[in-house]
Amino acid sequence: MPPLIIVGAGQAAAQLVASLAQDGYSGPVTLLGDEPHLPYQRPPLSKKYLAGELALDRLYVKPAAFYEKAGVDLRLGTRVERIDRPGKAVILADGTALPYSTLVLATGSRPRRLALPGSELDGVFYLRTVADVDAIRGRFADARSLVVVGGGYIGLELAAVATKHGLQVTVLEQVPRLMARGVGPVVSAFYESLHRSEGVRLVTGAKVLGFEGKDRVTAVVAEDGVHPADLAVVGVGALPNVELAAAAGLKVENGIVVDAECRTDDPAIYAIGDCTKQVHALTGQPLRLESVHNALEQGRVAAAAICGRPPPTLQVPWFWSDQYDVKLQMVGLSQGHDQAVVRGDPGSGRSFAVFYLREGQLIAVDAVNRAPEFMLSKQLIADRARPDPAKLADERVAVKDLRS
Amino acid sequence: MTKIVFEEPDGTERALDLTDGQSIMEGAVRNGVVGIDADCGGACSCATCMVYVAEDWRVRLPAKDSSETAMLEFCPHVQENSRLSCQITVKPELEGLRLKVPPSQQ
C-alpha cells in the first residue's frame, strides 16, 4: 500500500505523526517539509528564541529519533509542486511522483507581504521561520533602531524583545488599536500604555507609504512622518498556503475547506492547521484559526479519523502571547459578544481579565497575568456557563466562586 | 543525565535518563511519555504537562513560583501533589524522582 503522505512539517504535522502512532496506525508514513528543519515550535520564534534564550534543538517538537522509531520517511527541504488527484500522487519539484493512499495537507500559512516602494530592500524582514529570526537577530548587534510594521502579536512580541535588547523600537499599526483581531479594546489600550511605558514609540492609525534606503533600509515612511530604521520587520497577518489544494480543484475559501474530521471534499485528502477553514463547533460558523491549539487539535482529530477511532473531545480554542513580564492568555471566541466585564484595574498594575458574554453566556476571556481566571474560564466556556456579571467584576468574590 | 521515573496513565513505568538543565517536560516529550501533552511547549500557558509527585519527593522539589501556582489552581484533575513538569529543571539532586501522569490533561 502506498504511504500516507503529509505535506508540510510544522506543528500540526508533528502532532499528526504522534497521534497516528498512539492511535495504532500501522501503515507507512512520509513527511515532506520544505524547510531544512525537523518540525519545530513557532511560538518561541518571536519570544525566547529571538531573545537568544532557547537554542534551535529545543524548538524541535520531537527529536529525529522519534520519527525514525515511528518509521516515518522524513524528507526535509522538499517542495511539493502539485497534487495528481486521479493518479493519487504528489509531484515534487524535481518531477518525482510519490503515490499516496491518504494525503494530509499541513501547508500552514505565510506572512502577508507588503508591495510598497522599497519593500524589497535589504533589512526589511518578515517573521515566520527559524531562518527569518536568525537573520533578524543577526542584525540586532549593529542596529540602533527597529521599525515594526503591524501591531499584532508577533510584531509586539518582537518589539518587547528588541526593546529589552536596547533598540529604539517604533511600532506602526494601521488600525486605531493594537491586536485588534485578537482582543477587545480594553486589552488593546492596556498594551498600548504597556509598550509606551517600556519605551516603544507607537503610532496607531498609521499609514505606511514605503521604505527608504539605497542598498539597505534606513527609514520607514508613513503618513505621519519618516521613522528611522536600521531594521524593519513587517508583521501584518498571514495568508493560508492553499495553492496546492486550489490547483488540485479542492474546495478553498480563504483556507482549505474541511469537515469536522478535517477531511476535504476529496475523501482521500485531509487538511490540518493554519491552512484550513472549518465550521467551528462552538459558533457553528466557518473559521480559519492560526494557532498552536488549532494545529495540535486538528492533528489529533485527523489521526483519529484516519484510524477509524472516535474523535477526541474538542477543547475551547486558546491562545497566548508573552510581552515583557506580561502573559496574555485568551480562551474562547469573542466575536458576537454583547457584554464585556472587566475584573481588576487595567489602569494600574499589570493584572486584569476581561470576560465576554453573549446573552448571558460566557464565550471568551482575555486574561492579563491572570492564569486562574484563564484556567477556570476554559471550563466555564466549555460548559456554556452563565456566570453572574456582577460577581465577575467584583474582586472580593474569589475566582473559584465565579462559576455561577 | 538524571534518572526520572514516570508512571504513565495505563500503569506502565518508565525510568528515563533526562538531560540536566532542561525541563522535565522536555525530557518527557523527547522520550514520548504518554499523557504529557505540553501543548504550549513550556511557556507555562496551558497546564497540559501536569504530573503528580510521589509523596516522599514533594518537599524535595524547588517550590512553585506564582505563575505555576496560578496555572495549577484550576487545572483539571489537580491534586495537592500536582506540579507542571515544564517548570521543574532536571538536575542531579532529582535522581530517582517519581512522577505519575494523570489520566487526561483535559
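Computed from a predicted structure; not experimentally measured.

> Looking at this structure, I do not really get the overall build of chain A. What am I missing?
Check the secondary structure of chain A and you find nine helices and 26 strands. Against the 2.2 N^0.38 benchmark of 22 Å for 404 residues, chain A shows a C-alpha radius of gyration of 22 Å, consistent with a compact globule. Once the C-alpha set of chain A is aligned to its principal axes, its extents read approximately 60 × 60 × 35 Å. Among the 404 residues that make up chain A, the fraction classed as buried is 56%. Counting contacts in chain A only where the partners sit at least 6 residues apart, residues at least 24 apart contribute 60% of the total. Of the roughly 16,800 Å² of accessible surface on chain A, a fraction of 51% belongs to carbon and sulfur atoms. Between the mean site of the 44 positive side-chain charges and the mean site of the 45 negative ones, chain A shows a separation of 3 Å.

> Help me understand the sheet that holds strand 18 (residues 256–258) of chain A in this model?
Across a sheet, paired strands are connected by hydrogen bonds in the backbone, their directions being either parallel or antiparallel. Residue and element names in this part refer to chain A. Here three strands make up an open sheet; going across it, the order is 18-20-21 and the pairing mixed. Strands at the two margins of the open sheet, each flanked by one partner only, are strand 18 and strand 21 (286–287). Judged from the two bridges that link them, strand 20 (residues 276–279) and strand 21 form a sheet pairing that is antiparallel. Following the sheet pairing, Val 279 is matched in strand 21 by Pro 286.

> Explain the interface of chain B and chain A here, please?
A common way to state how big an interface is: give the accessible area lost once the parts meet. With 22 residues of chain B in contact, the opposing surface of chain A contributes 25 residues. Contact with chain A buries surface across chain B, with Arg30(B), Asp39(B) and Phe74(B) losing the most and accounting together for 37% of the total. Here chain B and chain A share nine residue pairs in polar contact (both at pLDDT 80 or more) between them. Mapped onto the side of chain B that touches chain A, the elements with two or more residues apiece are helix 1 (24–30) and helix 3 (66–73) of chain B. In terms of residue class, the side of chain B that touches chain A is made up of 11 nonpolar, six polar and five charged.

> Please clarify how the packing of aromatic side chains should be interpreted in this entry.
Scanning all chains against the criterion turns up four aromatic pairs over all chains. Between the aromatic rings of Phe190(A) and Phe352(A), the centroid separation amounts to 5.1 Å while the plane-to-plane angle is 70°, which identifies the pairing as edge-to-face. Within this pair, whereas Phe190(A) is found in helix 5 (residues 185–197), its partner Phe352(A) is found in strand 25 (residues 352–358), the two being separated by 162 residues in sequence. Grouping aromatic residues by their ring pairs yields a cluster made of Phe190(A), Tyr191(A) and Phe352(A). The positively charged end of Lys378(A) is found above the aromatic ring belonging to Trp318(A), 4.7 Å away from the centroid. Here the basic side chain of Arg60(B) rests over the ring of Trp57(B), its NZ or CZ set 3.8 Å away from the ring centre.

> Whenever I open this one, helix 3 of chain B confuses me. Can you help?
At 3.6 residues per turn, the α-helix brings residues three or four places apart onto the same side. Looking at helix 3 of chain B, one finds that the buried residues are Glu68(B), Ala70(B), Met71(B) and Leu72(B). Tucked into the core, helix 3 of chain B has its buried residues touching strand 23 (326–332) and helix 8 (371–382) of chain A together with strand 3 (50–53) and strand 4 (82–84) of chain B.

Rules and cut-offs
- Residues numbered from 1 in each chain as written.
- Chains lettered and ligands numbered in written order.
- Predicted model: local features only at pLDDT ≥ 70, side-chain atom pairs only at ≥ 80, totals over all residues.
- Heavy atoms only, no water.
- Helix = DSSP H or I, 4+ residues; strand = E, 2+ residues; numbered from the N terminus.
- Rg over C-alpha atoms; globule rule 2.2 N^0.38 Å.
- Buried < 20%, exposed > 50% of the residue type's maximum accessible area, 1.4 Å probe, protein only.
- Contact = heavy atoms within 4.5 Å.
- Areas by Shrake-Rupley, 256 points an atom, 1.4 Å probe, with all protein chains shown as cover.
- Lys, Arg positive; Asp, Glu negative; His and termini not counted.
- Charge placed at Lys NZ, Arg CZ, Asp CG, Glu CD.
- Pairing = 2+ DSSP bridges.
- Buried area = accessible area lost by both parts, 1.4 Å probe.
- Polar contact = N/O pair within 3.5 Å; in protein donor to acceptor, adjacent residues only side chain to side chain.
- Nonpolar A, V, L, I, M, F, W, Y, C, P; charged D, E, K, R; others polar.
- Phe/Tyr/Trp six-rings, centres within 6.5 Å; stacked < 30°, edge-to-face > 60°.
- Lys NZ or Arg CZ within 6 Å of the ring centre and 35° of its normal.

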